[in-house]
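Residues per chain, in single letters:
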Amino acid sequence: LIVNPTTGYALDTDFKLEADQWETVEENYPLDFNYFYVVPDATNTQIRLGRGMSTETMLPAGDAAAGYILDVGVRVSDVHQTSVNSMARVTVRFASPTTDIRGLIEGGLQKVDDLLERKNHIEALGLVGSISQTLNQAADVCVGDVKAECISGDECCDRKELKLRLFSKLQQ
């Protein structure tokens, strides 16, 4: 698995994942490529990113406690359902303090719309996962002491509206 670039920022950097070096004997074709990332702080939770010999996507931040490392991979399967994983590590930092988090989320949601228009459902779902992970990591989307779940009033913030919009993308 080749990833380019190997460092970047959550929902801001386009990462290209390529697995075009895979070969097998003719009776095992076609090969199926499924790209994923492993959710930080979760046990073996994988979010699918795309298919084909390469895919381009935005990623959430890696685990801050581990230097923002995020594990990405590709599962290559043959026609007989024999498969192998190839993994790579990238460094994906959370946005810099001057980055407009809401703007990043809005840009990500627009890319989801574009992917849905082109009927790239797997890639759209992977991007929704990356946006969701970024929302969960984004302490600076809300200002002050904000409850995680709210219904109305001053304790609510933009995060609630963004989560609702994200949920509507899942329904599409």
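This one's a predicted model, so the numbers in the text were calculated from it and none came from an experiment.

**Focus on the pairing of strand 3 (residues 15-18)**
Only one face of strand 3 is covered, namely the face carrying F15 and L17; the face carrying K16 and E18 is uncovered. Sheet topology note: the strand 1 (residues 2-4)/strand 3 ladder contains three bridges and is antiparallel. Note on strand 3: the bridge partner recorded for I2 is E18.

**Details of the pattern of salt bridges**
Scanning the entire structure with this criterion turns up three salt bridges. Among the ionic pairs, K16 bridges to E18, the shortest N-O distance being 4.0 Å. E18 gets classed as partly exposed once you look at its relative accessible area, which sits at 22%.

**Some points on the nonpolar core**
Judged by nonpolar contacts, the single largest core of 38 residues is most densely connected at L59 and V72. Counting only elements with at least two residues in this core, the list comes to strand 3, strand 4 (32-38), strand 7 (69-77), strand 8 (83-93), helix 1 (101-117) and helix 2 (121-137). The greatest single-element share of this core, amounting to seven residues, is contributed by helix 1. The contacts of V72, once residues within four sequence positions are left out, are L1, V3, L17, F36, Y37, L59, S86, M87, A88 and V90.

**Focus: the pairing of strand 7**
Looking at chain direction, strand 4 and strand 7 are connected through six bridges and run antiparallel. Residue pairing for strand 7: Y35 is matched across the bridge by V74. Bridge count between strand 7 and strand 8: nine bridges; the pairing is antiparallel. Residue S77 lies in a different strand from strand 8, and its bridge partner there is S83. Where strand 7 hands over to strand 8, the hairpin turn is made up of five residues, of which Q81 adopts a positive phi near 70 degrees.

Definitions and cut-offs
- Residues numbered from 1 in each chain as written.
- Predicted model: local features only at pLDDT ≥ 70, side-chain atom pairs only at ≥ 80, totals over all residues.
- Heavy atoms only, no water.
- Buried < 20%, exposed > 50% of the residue type's maximum accessible area, 1.4 Å probe, protein only.
- Helix = DSSP H or I, 4+ residues; strand = E, 2+ residues; numbered from the N terminus.
- Pairing = 2+ DSSP bridges.
- Salt bridge = Lys/Arg side-chain N within 4 Å of Asp/Glu carboxyl O.
- Core = buried A, V, L, I, M, F, W, Y, C linked by side-chain atoms within 4.5 Å.
- Contact = heavy atoms within 4.5 Å.

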